Amino acid sequence: MRGAPDAPPNILYLHSHDTGRWVQPYGHAVPTPNIQKLAEEGVLFRQAFCAAPTCSGSRACLLTGQYAHSNGMVGLAHRGFSLRDYRHHIVHTLRRIGYWSALIGEQHISKKPEVIGYDEVFKIPTNHTDDVVPVTLELLSRDHGRPFFLSVGFFETHREFFRPSSPRKANYVLPPPNLPDTPETRLDMAAFCESARSLDRGVGAVLDALDATGLAENTLVICTTDHGIAFPGCKATLYDRGLGVMLILRGPGGFSGGRTVDALVSHIDIFPTVCELVGIEHPPWLQGESLLPLVRGEAEEIRDAIFAEKTYHVAYEPQRCVRTRRWKYIRRFDDRSTPVLANTDDGPSKELLLRHGWAERPVPEEQLYDLLFDPNEACNLAGDPAHAPVLREMRARLERWMRSTEDPILDGPILPPPGAELNLQDQRSPKDPTVRV
């Protein structure tokens, strides 16, 4: 669509695997100059969170505007979980007002991508940037004659990471703050950085094509990731290291100027933002809030808390959380008291922790953190009598959300769908033999 500026905007959804906020514009020493440039041209959301820190759940929440237990994606699509209603995917709402849609690369919300509802699904050898970018550039060179929603998904920065070009690069990186600074964790992080460089090159190539084809001015770019990085205590956890995501928007509607927004926002806020931007009513199932009041300066906050959940990753591990500016409350909904190790991707950092007894470390049923004094979520205050009033308040907030959204965990364990493929809670690796239910 190369038409008048008043035409409905194109929407380019650029997304990666397991990147968290570990990119340059969030202050990390991870060289991602193209993502940095996008942030300097658009709006960077400093406090953006996914609604489910697993690959399928997070994407499903963003693309349906619903929490995972509401849209049905409480596990991994490639292991047998699915949306309750694929008509709730954003492409169906946009199609009704004339949008054309296409999927290139990673999607992770269905075993069969054709059931999602895109007008065109491109089959490529892999979802790495080298295969995703050429198809994307060819597609952007077409004149579709109508606005488009284009999903461009990169496999980077999922494990297995790319090998650093030199082992010396491990001398000059820091692992995540919840992990010790050791040769193993530094080499692990250096490999992540190498994958992030590949991701950034892919993002840069697509953004350059937008400029070259004259599409940039009337295209809303949504650049994000599914959840935190694939290190212990990050991905597939309800800590900020698991829920925090990069989120950069550039394009019509005020998403410009190199600004930052510090308000709490969730992936489920993207769908209602698009609806307001293109001028259509919000579908009745949406559970998020539009971001436009924030970027227009009409509001300093659109929510006073974010909520998130995990039910299944590769194994059952039911948890829910509520996070405000000051407090984080996490609750487990089963009787397990030690880590579910299979839900952490294998790698050198995980092996280091296992050698030092991580498998036997207790995991409490309830966790309460003061994020002002303890942003690393290291000191659990749930058992501190001085914080009992805060604990009661956060418990009540979580329960109200669960009841208002009809969370099935309130009625007992959530069973997997027939045919789902799972790891057992006592297994150590997602690569261990699975069971089919």
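Computed from a predicted model, the values in this text were never measured in an experiment.

Across its full length, the chain carries 11 helices and 14 strands. On C-alpha atoms alone, the chain measures out to a radius of gyration of 21 Å, which is about the 22 Å that the 2.2 N^0.38 rule sets for 437 residues. Across its three principal directions, the C-alpha atoms of the chain cover 60 × 50 × 45 Å. Counting all 437 residues of the chain, 63% fall into the buried class.

Right, let's talk about empty space enclosed by the protein for a bit. Using the criterion set out here, one finds 4 cavities of 30 Å³ or more in the structure. The volume enclosed by the largest cavity comes to roughly 60 Å³. What lines the largest cavity is simply Asn34, Lys37, Leu38, Glu41, Gly204, Leu207, Asp208, Asp211 and Arg250. Looking at the lining of the largest cavity, the elements that each hand over two or more residues are helix H1 (33-41) and helix H6 (183-212). Class assignment of the residues belonging to the lining of the largest cavity gives a composition of 2 nonpolar, 2 polar and 5 charged.

With respect to burial, strand E9 (residues 306-312) is a largely interior element, 7 of its 7 residues being buried. Pairing analysis gives 6 bridges linking E9 to strand E10 (residues 316-323), with the strands arranged antiparallel. The partner of phenylalanine 307 across the bridge, within E10, is valine 322.

By volume, the largest pocket is sized at about 890 Å³. Looking at the lining of the largest pocket, the elements that each hand over two or more residues are E10, strand E11 (327-332), helix H10 (348-355) and strand E12 (366-370). Partitioned by chemical class, the residues of the lining of the largest pocket number 18 nonpolar, 11 polar and 7 charged. In this structure, the second largest pocket spans a volume of roughly 480 Å³. Along the walls of the second largest pocket sit 19 residues, with Arg21, Trp22, His28, Asp240 and Arg241 positioned nearest its centre. Elements with a minimum of two residues in the lining of the second largest pocket: strand E2 (43-49) and helix H7 (240-243). Tallied by class, the residues present in the lining of the second largest pocket amount to 8 nonpolar, 6 polar and 5 charged.

Mapped onto the secondary structure, threonine 224 falls in strand E6 (residues 219-225). For the pair threonine 224 and isoleucine 248, spaced 24 residues apart in sequence, the C-alpha separation works out to 6.6 Å. Within the structure, threonine 224 has its side chain in polar contact with the backbone oxygen of methionine 246 (distance 2.7 Å).

What follows is about the pairing of E12. Within E12, 5 of the 5 residues are buried, which leaves it mostly tucked inside the rest of the structure. Of the pairings in the sheet, the one linking E11 to E12 comprises 5 bridges and is antiparallel in character. In the strand pairing of E12, arginine 331 is matched with glutamate 366.

Our next topic: the sheet that holds E10. Spatial strand order, E9-E10-E11-E12: 4 strands in an open sheet with antiparallel pairing. Of all the strands in the sheet, the pair left with one neighbour each is E9 and E12. Taking each pair of neighbouring strands and ignoring which way they run, the sheet shows an average axis angle of 10 degrees. Of the strands in this sheet, E9, E10, E11 and E12 touch helix H11 (residues 388-404), which is tilted by about 65 degrees from E11.

Another point: the state of the cysteines. Considering all chains together, one arrives at 0 disulfides under this definition. Free of any disulfide, cysteine 321 has its nearest cysteine sulfur in cysteine 50, 9.0 Å distant.

This next bit is on the sheet that holds strand E4 (residues 120-122). Taken together, the 8 strands give an open sheet; going across it, the order is E4-E3-E5-E1-E6-E7-E2-E8, and neighbouring strands pair in mixed fashion. Strands at the two margins of the open sheet, each flanked by one partner only, are E4 and strand E8 (259-266). Adjacent strand axes in the sheet meet at a mean angle of 15 degrees when their direction is disregarded. Pairing geometry for strand E3 (residues 100-105) and E4, over 3 bridges, is parallel. The residue of E4 that forms the bridge with leucine 103 is valine 121. In the packing of helix H2 (residues 55-64) onto the sheet, contacts are made with strand E1 (10-16), strand E5 (148-153) and E6, and the angle to E1 comes to roughly 165 degrees. Strands E1, E6 and strand E7 (247-250) of the sheet are contacted by H6, whose axis makes an angle of about 170 degrees with E1.

This paragraph deals with a nonpolar patch on the surface. Together, Leu424, Val435 and Val437 make up a nonpolar patch on the protein surface, roughly 240 Å² of accessible area in all. Within the fold, valine 437 resides in the segment after strand E14 (435-436).

Cut-offs used in this document
- Residues numbered from 1 in each chain as written.
- Predicted model: local features only at pLDDT ≥ 70, side-chain atom pairs only at ≥ 80, totals over all residues.
- Heavy atoms only, no water.
- Helix = DSSP H or I, 4+ residues; strand = E, 2+ residues; numbered from the N terminus.
- Rg over C-alpha atoms; globule rule 2.2 N^0.38 Å.
- Buried < 20%, exposed > 50% of the residue type's maximum accessible area, 1.4 Å probe, protein only.
- 1 Å grid on protein atoms, 1.4 Å probe; cavity = no way out; pocket = protein on both sides within 12 Å on 5 of 7 lines; lining within 4 Å.
- Points joined across faces, edges and corners; volume = space filled by probe spheres on them.
- Nonpolar A, V, L, I, M, F, W, Y, C, P; charged D, E, K, R; others polar.
- Pairing = 2+ DSSP bridges.
- Polar contact = N/O pair within 3.5 Å; in protein donor to acceptor, adjacent residues only side chain to side chain.
- Axes fitted to C-alpha atoms, helices over the stretch in contact; angles between N-to-C directions.
- Contact = heavy atoms within 4.5 Å.
- Disulfide = S-S within 2.5 Å.
- Patch = residues over 30% accessible without salt bridge, like charges linked within 9 Å, V, L, I, M, F, W, Y side chains within 5 Å.
- Areas by Shrake-Rupley, 256 points an atom, 1.4 Å probe, with all protein chains shown as cover.
- Salt bridge = Lys/Arg side-chain N within 4 Å of Asp/Glu carboxyl O.

Take it as geometry only, folks, not as evidence of what the structure does.
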